[in-house]
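The residues making up each chain are set out below.
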Amino acid sequence: MPLFWLILIVLAIAAVGYVLGRSRAMSSAGGELSALHSLPSYYGTNVAMKVVVPAFLLLIVWLLAQPFYVNSVISGMIPETSIEEGSSRGLVIAEVRRAARGLDNAVASGAMTEEFASNARADIADVSARLKDAGQIVTTQITQPILLAAQRYRVLNSTGNWIMSVVVILVALFGAFWALRETNAEFRARNVVEKGVKAILIAAASIAILTTIGIVLSLVFNTWEFFRLYPASDFFFGLTWSPSFSGRGSSSQLGILPLLWGTFYISIVALVVAVPIGLFAAVYLSEYASPKVRAVAKPLLEVLAGIPTIVYGLFALLTVGPLLLSVFGNEGLGIMQAGTAVMTAGLVMGIMLIPFVSSLSDDIINAVPQAMRDGSYGLGATKSETVRQVILPAALPGIVGAILLAASRAIGETMIVVLGAGAAARLSLNPFEAMTTVTAKIVSQLTGDADFASPVALVAFALGMTLFVITLGLNIVALYIVRKYREQYD
Amino acid sequence: MNEMPSIEQAKDMTESKISANKVQVFYGENHAIKDVDIEIQPRSVTSFIGPSGCGKSTFLRTINRMNDTIDICRVEGSIKIDNEDIYDPKVDPVQLRAKVGMVFQKPNPFPKSIYDNIAYGPRIHGLARNKAELDDIVSSSLQKAGLWEEVKNRLDEPGTGMSGGQQQRLCIARAIAVSPEVILMDEPCSALDPIATAKVEELIDELRENYTIVIVTHSMQQAARVSQRTAFFHLGVLVEEGLTEDIFTNPKDKRTQDYITGRFG
């Protein structure tokens, strides 16, 4: 039974359960609403909840567990002898899966009958030929063990799916009966539904947190793997970045320092652009602009935040780079070699960060109580004196937090630097030279065709981990500062 | 009226520090203050009383043009301080506010040290030529506000860390530091406990010697305790104004009588 139908059936049971629960509650109270502990809809919701939640939980667990079980059974069926030299068990299992899918599709398109597909004594050559006729891609010659395993795979999966459907529907029905049985006038359906809502919300929050942990773990394991192949001290203190993709990357020099330098240099240029402009824009919007101007200008400024970073990257590559080159290049001052440079990426990234800084700072400036402004104006201060001496000092911790958040955005930014900064990893002070960043190198390390187990590819995880630790640190400091600031006026 | 003002009129005009004539205040379409005429005497305390929303705070804020910071607010009529129209285009509201200080309902010290809170105004207006003069202004302002003994050893601590009553006296000291002639107080004790209130009231009574004080208050007892003259506002109209004793013992208007005897408000 397709998954879609199974889900629909469970939802239908829930809908029927809802109606039944409601009417059962009503009749148990003799149609007297005031005799019920909760509103009738709560009884219905209670039933629907007890149908849907356990059934879907079971469904999810089953869908995750079944492939593991099937794989382990199949894996046991394949004798060591049928694994060729230079191949691995994983590759053979992938072959089995492909063959099974081919059989499925062939049956579905009518190229072979179900009996033929599941016939264990079928002629291998005939099966292969028919599969090819049916347009199914079978890479190597199907061998006897593979065919047997593929057939077994199909059987396991289809029975598994049947059992799953039956069990899920049974669980849904059981939930409905259980909830309907406890439905009577005294039953505190409202409180039970409240608990259910709480549980669902907690589940949503934990999924987000667990995913974060999962991401970190996947980084950690791969980083660990990398450091077994490449010494950590060379990685953290090496001054050269020159991965060599030949010979399993053994002659590579993978020092992170040139990349970190590029990252920080570009981020600093970006912040030098974004912080003053963003801050001044925020001060104008919150202190000087009339409500009409503010209503128009604020959303316009925030449109900048909605532009995809790849578009900023194109802007850097096609507009800002050539523009800078015409001024600082060989026809001008002669200190810039190509359009891609730290300055190009930094300027464009700065523009990207303006709405980030301005909208956070605007919120923080607005949080400074009006009483502060009144106090200052009441002493005969002008607007700019008030802003400079009262509002900005009061808002300073929050603004610092906003700047740190912007900095962690800048450090993690990828598209703009890929297109705008160039690809050369170098330690240089000239902002008109091409440099590269950690993020840009992660992209280039993983999009190449390097062996995934070589240090040249695995270094991407170590780079990602380093970046993660840096931005996490910045975010923690920023949040700490912002929170401390909030306490000041509450 | 081409003739010279009579001696009697001239004397009357020099006597009052603030004189308001047919003042109207509009908040957008809302006519908040209607036809207010009042003469406020120098070196005395005048209190504005009246039920909530009667316009007494609004009128107070017209005296140092704090209403200018509200976009939709519009003022008509004339208000003169020392015979000078403060709504004249030549008058700089920023300068005016240095001359007419203000203390607000809730204590609002800046998130700076006690010293910097007091020094804020003098620094802006360049009242001190050097650090020693600034120190003098700070200590004398704190002394006048009766706060010196309590804070002299912790001038570099934040003003926000003091008690509510101390904060309000700090705000008064901050206003005094720019040597204003008039101090406007908008319900200065409404956020304070009775003991802190008593201290602030005592301070107001002392400040009367050197400053013209206008205070808005919800407490009729407070008006009776601290002020020499009292004005009663109702629905944006100045109902009655006179010596405090007269207003409280012998009100001329029925509405004033109803209010002070607690029949409404």
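Residues numbered from 1 in each chain as written. Chains lettered and ligands numbered in written order. Predicted model: local features only at pLDDT ≥ 70, side-chain atom pairs only at ≥ 80, totals over all residues. Heavy atoms only, no water.

Enquirer: Give a description of the overall build of chain A that names residues and reports values.
Expert: Looking only at helices and strands, chain A features 17 helices and two strands. In summary, chain A has a C-alpha radius of gyration of 32 Å against a globular reference of 23 Å for 490 residues, an excess of more than 25%. Principal-axis analysis of the C-alpha atoms places the extent of chain A at approximately 90 × 80 × 40 Å. By residue count, 41% of the 490 residues in chain A fall in the buried class. Sequence-distant contacts, at least 24 apart, represent 73% of the contacts inside chain A between residues at least 6 apart. (Helix = DSSP H or I, 4+ residues; strand = E, 2+ residues; numbered from the N terminus. Rg over C-alpha atoms; globule rule 2.2 N^0.38 Å. Buried < 20%, exposed > 50% of the residue type's maximum accessible area, 1.4 Å probe, protein only. Contact = heavy atoms within 4.5 Å.)

Enquirer: Describe the overall build of chain B, listing the residues and the values that go with them.
Expert: For chain B, the count of helices and strands is eleven helices and ten strands. In terms of C-alpha radius of gyration, chain B reaches 19 Å, essentially the compact-globule figure of 18 Å for 265 residues. By its C-alpha atoms, chain B is 55 × 45 × 40 Å across when sized along the principal axes. Expressed as a percentage of the 265 residues in chain B, the buried residues total 52%. Long-range contacts, defined as pairs at least 24 residues apart, comprise 66% of the intrachain contacts of chain B with a sequence gap of at least 6. Element-wise, carbon and sulfur atoms account for 48% of the exposed surface of chain B, whose accessible area totals about 12,600 Å². (Areas by Shrake-Rupley, 256 points an atom, 1.4 Å probe, with all protein chains shown as cover.)

Enquirer: Talk me through the pattern of salt bridges; I want residue IDs and the actual numbers.
Expert: Scanning all chains against the criterion turns up 25 salt bridges over all chains. The salt bridge partner of Glu182 of chain A is Lys50 of chain A, with a shortest N-O separation of 2.4 Å. Taken together, the positions of Glu182 of chain A in helix α6 (residues 144-182) and Lys50 of chain A in helix α2 (residues 40-77) put the pair 132 residues apart, joining distant regions of the chain. Note that Arg169 of chain B and Glu150 of chain B form a salt bridge whose closest N and O atoms lie 3.0 Å from each other. Here the residue Arg169 of chain B occupies a position in helix α7 (residues 164-176), and Glu150 of chain B occupies one in helix α6 (residues 148-151), the gap between them amounting to 19 residues. Of the residues examined, Arg169 of chain B reaches a relative accessible area of 5% and is grouped as buried. Here Glu150 of chain B falls in the partly exposed class, since its relative accessible area comes to 32%. Because the salt bridges share partners, they merge into one network encompassing Arg294, Lys298, Glu302, Asp362 and Asp363 of chain A. (Salt bridge = Lys/Arg side-chain N within 4 Å of Asp/Glu carboxyl O.)

Enquirer: Go over the nonpolar core with me, naming the residues and quoting the values.
Expert: Counting 35 residues, the largest nonpolar core has Leu142, Ile172, Met185, Ile204, Leu207 and Ile213 of chain B as its most contacted members. Of all the secondary structure elements, the ones that give two or more residues to this core are α4 (114-125), α5 (131-144), α6, α7, β7 (182-186), α8 (194-207) and β8 (212-216) of chain B. Not counting residues within four places of it along the chain, the set of residues in contact with Ile204 of chain B comprises Val45, Met185, Ile213, Ile215 and Val226 of chain B. One finds Leu271, Ala289, Val320 and Met336 of chain A within the second-largest nonpolar core, a separate group that totals 33 residues. (Core = buried A, V, L, I, M, F, W, Y, C linked by side-chain atoms within 4.5 Å.)

Enquirer: Please set out the pairing of strand β6 (residues 100-103) of chain B residue by residue, giving values where relevant.
Expert: Residue and element names in this part refer to chain B. Residues Val100 and Met102 line one face of β6 and the alternating positions Gly101 and Val103 line the opposite face, and both faces are buried. In this structure, β6 lies alongside β7, joined through four bridges in parallel fashion. Following the sheet pairing, Gly101 is matched in β7 by Ile183. (Pairing = 2+ DSSP bridges.)

Enquirer: Let's hear about the interface of chain B and chain A: which residues, and what values?
Expert: Taken together, the contact between chain B and chain A spans 22 residues of the former and 19 residues of the latter. Approximately 1,600 Å² of surface area, both sides summed, lies buried where chain B meets chain A, with 64% of it carried by carbon and sulfur atoms. Together, Pro111, Tyr120 and Ile124 of chain B form the three largest contributors to the area buried by chain B at its contact with chain A, with a combined 30%. The interface formed by chain B and chain A holds zero salt bridges in total. (Buried area = accessible area lost by both parts, 1.4 Å probe.)

Enquirer: Just give me the short version of the confidence of the model for chain A, but keep the residues and values in it.
Expert: Residues shown with low pLDDT carry predicted positions that ought not to be read at fine detail. Overall, the predicted model of chain A reaches an average pLDDT of 85, with 92% of residues at or above 70. When pLDDT is averaged over each element of chain A, helix α9 (residues 257-288) of chain A comes out on top at 93 and helix α5 (residues 124-133) of chain A at the bottom at 71. (pLDDT = per-residue confidence, 0-100.)

Enquirer: Summarise the confidence of the model for chain B; cite the residues concerned and give the values.
Expert: Residues and elements named next belong to chain B. Looking at chain B, the pLDDT average stands at 89 and 94% of residues meet or exceed 70. Within chain B, helix α1 (residues 7-15) has the poorest average pLDDT of any element, 49, and β8 the best, 95. Contacts of residues 1-13 to residues separated by more than four positions or lying in other chains number one contact, the stretch itself having pLDDT below 50. Reported for the predicted complex are a pTM of 0.74 and an ipTM of 0.87.

Enquirer: Please give an account of the packing of aromatic side chains that cites residues and values.
Expert: Residues and elements named next belong to chain A. Under the counting rule described, the total for this entry stands at 15 aromatic pairs over all chains. With 5.5 Å between their ring centres and 75° between their planes, Phe226 and Phe235 make a pair best called edge-to-face. Like Phe235, Phe226 is buried. Through a chain of ring-to-ring contacts, three or more aromatic side chains come together here, namely Phe226, Phe227, Tyr230, Phe235 and Phe236. Directly above the ring of Trp178 sits Lys50, whose terminal nitrogen or CZ lies 4.7 Å from the centroid. Across the ring face of Phe356, the terminal group of Arg409 is positioned such that the distance to the ring centre comes to 5.2 Å. (Phe/Tyr/Trp six-rings, centres within 6.5 Å; stacked < 30°, edge-to-face > 60°. Lys NZ or Arg CZ within 6 Å of the ring centre and 35° of its normal.)

Enquirer: Can you break down α4 of chain B residue by residue, with the values?
Expert: α4 of chain B sits mainly inside the fold: nine of its twelve residues count as buried. Buried within α4 of chain B we find Ile114, Tyr115, Asn117, Ile118, Ala119, Tyr120, Gly121, Pro122 and Ile124 of chain B. Packed against the buried residues of α4 of chain B are α13 (370-378) and α14 (383-412) of chain A together with α5, α6 and α7 of chain B. Looking one or two residues past α4 of chain B, Gly126 of chain B carries a phi angle of roughly 60°, positive in sign.

Enquirer: I'd like a rundown of the packing of α5 of chain B against α7 of chain B, residues and numbers included.
Expert: Residues and elements named next belong to chain B. Axis separation between α5 and α7 bottoms out at 8 Å; the angle between their running directions is 130°. Here α5 lies oblique to α7, going by the angle between them. Handedness of the crossing formed by α5 with α7: right-handed. Along the contact surface, α5 presents Ser141, Leu142 and Lys144, while α7 presents Leu170, Ala173 and Ile176. By residue class, the composition of the contact of α5 with α7 is four nonpolar, one polar and one charged. (Axes fitted to C-alpha atoms, helices over the stretch in contact; angles between N-to-C directions. Parallel < 35°, antiparallel > 145°, perpendicular 65-115°, else oblique. Left-handed = near helix turned anticlockwise from the far one by under 90°. Nonpolar A, V, L, I, M, F, W, Y, C, P; charged D, E, K, R; others polar.)

Enquirer: I'd like to hear about α14 of chain A, residue by residue, with values.
Expert: With 30 residues, α14 of chain A should cover 44 Å at 1.5 Å per step; its first-to-last C-alpha distance of 37 Å lies more than 12% under that length. When the local axis directions of α14 of chain A are compared, the greatest deviation, roughly 60°, occurs at Leu396 of chain A, which is followed within four positions by the proline Pro397 of chain A. (Expected span 1.5 Å × (residues − 1). Bend = angle between axes of the 7 residues up to and from the residue.)

Enquirer: Give me the environment of Met77 of chain A: which residues, what numbers.
Expert: Residue and element names in this part refer to chain A. Structurally, the position occupied by Met77 is in helix α2. Take Met77: its relative accessible area is 32%, and that puts it in the partly exposed class. Each C-alpha atom, one on Met77 and one on Leu148, is 8.5 Å from the other, the two residues being 71 residues apart in sequence. Every residue in contact with Met77, bar those within four places of it in the chain, is listed here: Leu148, Ala149 and Arg152.

Enquirer: Let's hear about the pairing of strand β1 (residues 18-27) of chain B: which residues, and what values?
Expert: All names here are of chain B. Of all ten residues making up β1, seven are buried, and the element is well covered by its neighbours. When β1 meets strand β2 (residues 30-40), the two strands line up antiparallel, connected through seven bridges. From the neighbouring strand, Ile18 faces β2, where its bridge partner is Ile40. The turn linking β1 back onto β2 is made up of two residues, and Gly28 within it adopts a positive phi angle of 60°. Examined bridge by bridge, β1 and strand β4 (residues 73-81) share eight bridges and lie antiparallel to one another. By the bridge assignment, Asn21 is partnered in β4 with Ser78.

Enquirer: Help me get a handle on the packing of α2 of chain A against helix α7 (residues 189-229) of chain A, residues and values and all.
Expert: Packed helix pairs are specified by the crossing angle of their axes together with the interaxial distance, meaning the distance between the axes. Residues and elements named next belong to chain A. For the pair α2 and α7, interaxial distance at closest approach is 8 Å and the crossing angle is 40°. Judged by the inter-axis angle, α2 sits oblique to α7. Judged by the twist between their axes, the crossing of α2 over α7 is left-handed. On α7, the residues that touch Tyr42, Tyr43, Thr45, Asn46, Met49 and Lys50 of α2 are Ala189, Arg190, Val192, Val193 and Gly196.

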